[in-house]
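Structural overview
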Amino acid sequence: MTPSTLSRFGTLIAFVLLCVGFSLAAPQAFASPANLFNLVQQMATLAIVATAATLVMTIGEFDLSVGFAASLAAVICFVLFAQGYDVWLAVLAALAAGIAAGALNGVLVARYGIPSFVATLALGTVLSGLAFGLSGGESLFRQVPDGFKALGRGDLFGIPVLALWIAGVLGAAGFVLAQTEFGRHLRAIGGNAQAARLAGLPVRRDVVVTFAAAGGLSALAGLLLAARLGSVQHTMGEPLLLPAYAAVFIGTTASPTGAPTVAGTLLGVAITGVMVNGMTIVGVEPFIQRILTGVIIIVAVLLRRFGRRAA
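These figures come from a predicted structure and were not determined experimentally. (Residues numbered from 1 in each chain as written. Predicted model: local features only at pLDDT ≥ 70, side-chain atom pairs only at ≥ 80, totals over all residues. Heavy atoms only, no water.)

The next subject is the overall build of the chain. Counting secondary structure elements, the chain contains 14 helices and two strands. A compact globule built from 311 residues should have a C-alpha radius of gyration of about 19 Å, and the chain, at 19 Å, falls within 12% of that. Structurally, the chain occupies a C-alpha span of about 60 × 60 × 35 Å along its principal axes. Taking the intrachain contacts of the chain between residues at least 6 apart in sequence as the baseline, contacts between residues at least 24 apart amount to 78%. For the chain, the accessible surface area stands at approximately 14,500 Å², while carbon and sulfur atoms represent 68% of it. Separation between the mean location of the 16 positive side-chain charges and that of the 10 negative ones in the chain comes to 13 Å. (Helix = DSSP H or I, 4+ residues; strand = E, 2+ residues; numbered from the N terminus. Rg over C-alpha atoms; globule rule 2.2 N^0.38 Å. Contact = heavy atoms within 4.5 Å. Areas by Shrake-Rupley, 256 points an atom, 1.4 Å probe, with all protein chains shown as cover. Lys, Arg positive; Asp, Glu negative; His and termini not counted. Charge placed at Lys NZ, Arg CZ, Asp CG, Glu CD.)

Okay, structure coming up:
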């Protein structure tokens, strides 16, 4: 395989090999309809958080608060359920909290020049504290309406509901980034923020909007995860952070320019989801799964650099 072929199709080939490998290792378990249905459900929240990360990485920034925002949104929703609030009012309040947190991240980065690593990690810690305080550190599972659970369970004409969420969110994000003026602004900011500013683009506004969108998507992911599980813990969204960025970095290896794309992120999510699901089925220890998740980020970055040099 030539370096150029590896650069263009290596990620897709890796995905196919993973599927074939796990199918051979556990044919009755991995390739069963029940497991494939479960795999889609597991991938849904990861795909949405990874989409949030993709938006922020498009402008050359990082958002380390996505998992914390997911947790807080789910906790807020369940606390409101316990107080008798309507499903949609609780959901809207949770989404608004995520959007507000993301917007605050954007203000800290765009207006005050705080590095996104620092700003989002600090605010994420605040969100984690709020989630703990609201939940009392306990699991919340009482008075959850069936209408809310339906958001993340079951199927529609044989298609898992969460698969429809994946298609809707990723389709909308892909359209915005590829087909709209706002998407072109984001790519310009990610290419060179100073040049974009000199060209008259509203860089500060677009950065704040991008972080706000990432916060809203993170909140949505937390709500869907809570709906699927029927319960909430104040740390439930935190494990999504590393796999989400692993998916985005893997996806960049499938991009000709090495920039984050929604299509690449979806492929990265599929690879990450299959790895976790397959390793769980064949009995790989959780700590090894974490090690491998970190390793694949490094490999993805190295493959991207290798592909660029080959080009």
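Now, onward.
With 86 residues, the main nonpolar core has Cys77, Phe78, Phe81, Phe148, Val207 and Val232 as its most contacted residues. Residue contacts for Phe81: discarding those within four places in its chain leaves Asp86, Val87, Ala90, Gln143, Val144, Pro145 and Phe148. (Core = buried A, V, L, I, M, F, W, Y, C linked by side-chain atoms within 4.5 Å. Buried < 20%, exposed > 50% of the residue type's maximum accessible area, 1.4 Å probe, protein only.)

A few words now on the packing of aromatic side chains. Going through the model one piece at a time under the given rule, you end up with seven aromatic pairs. Ring-pair connections join several aromatic residues into one group, and the members of that group are Phe62, Phe117, Tyr245 and Phe249. A cation over a ring is seen here: Arg111 above Tyr112, with NZ or CZ 5.3 Å from the ring centre. (Phe/Tyr/Trp six-rings, centres within 6.5 Å; stacked < 30°, edge-to-face > 60°. Lys NZ or Arg CZ within 6 Å of the ring centre and 35° of its normal.)

Turning to the packing of helix H5 (residues 87-110) against helix H6 (residues 116-135), a few remarks are in order. A packed helix pair is summarised by two numbers, namely the angle formed by the two axes and the spacing between the axes. In the contact formed by H5 and H6, the axes pass within 9 Å of each other and the chain directions differ by 145°. Handedness of the crossing formed by H5 with H6: right-handed. Note on element contacts: H6 touches H5 through Ser116, Ala119, Thr120, Leu123 and Leu127, opposite Ala101, Leu104, Asn105, Leu108 and Val109. For the contact of H5 with H6, a count of residues per class yields seven nonpolar, three polar and no charged. (Axes fitted to C-alpha atoms, helices over the stretch in contact; angles between N-to-C directions. Left-handed = near helix turned anticlockwise from the far one by under 90°. Nonpolar A, V, L, I, M, F, W, Y, C, P; charged D, E, K, R; others polar.)

Let us now look at H5. Under the 1.5 Å per step criterion, the end-to-end length of H5 is 34 Å for 24 residues, consistent within 8% with the ideal 34 Å. Among the residues of H5, Val87, Ala90, Val91, Ala94, Gly98, Ala101, Gly102, Asn105, Gly106, Val109 and Ala110 are the ones counted as buried. Elements that come into contact with the buried residues of H5 comprise helix H4 (66-82), H6, helix H7 (146-149) and helix H11 (203-229). Its side-chain oxygen at 3.0 Å from the backbone nitrogen of Trp88, Asp86 defines the N-terminal cap of H5. (Expected span 1.5 Å × (residues − 1). Polar contact = N/O pair within 3.5 Å; in protein donor to acceptor, adjacent residues only side chain to side chain.)

The subject of this paragraph is the pattern of salt bridges. Tallied over the entire structure, the rule returns one salt bridge. Ionic pairing is found between Arg205 and Asp206, a salt bridge with its closest N-O pair at 3.0 Å. On the basis of relative accessible area, Asp206 is assigned to the buried category, the value being 0%. (Salt bridge = Lys/Arg side-chain N within 4 Å of Asp/Glu carboxyl O.)

With that settled, consider a nonpolar patch on the surface. Where nonpolar side chains cluster on the molecular surface, the patch consists of Phe287, Ile288, Ile291, Leu292, Val295 and Val299 and spans about 490 Å² of accessible area. Within the secondary structure layout, Ile288 lies in helix H14 (residues 286-310). (Patch = residues over 30% accessible without salt bridge, like charges linked within 9 Å, V, L, I, M, F, W, Y side chains within 5 Å.)

For the rest of this paragraph, the subject is the confidence of the model for the chain. Do not read the fine detail of predicted coordinates wherever pLDDT is low. When pLDDT is averaged along the chain, the result is 90; 94% of the residues meet or exceed 70. Model confidence for the chain, summarised as mean pLDDT per element, is weakest for H14 at 73 and strongest for H5 at 98. (pLDDT = per-residue confidence, 0-100.)

With that settled, consider the environment of Ala103. Relative to the helices and strands, Ala103 is located in helix H5. Ala103 sits in the partly exposed class, given a relative accessible area of 22%. For the pair formed by Ala103 and Ala212, sequence separation is 109 residues and the distance between their alpha carbons is 4.2 Å. Residues contacting Ala103, with those up to four places away along its chain left out, are Val208, Phe211 and Ala212.

For Val79, the location among the structural elements is in helix H4. On the accessibility criterion, Val79 (18% relative accessible area) is buried. Sequence-wise, Val79 and Ala195 are 116 residues apart; in three dimensions their C-alpha atoms are separated by 46 Å. In contact with Val79, not counting residues within four places along its chain, are Leu134 and Leu140.

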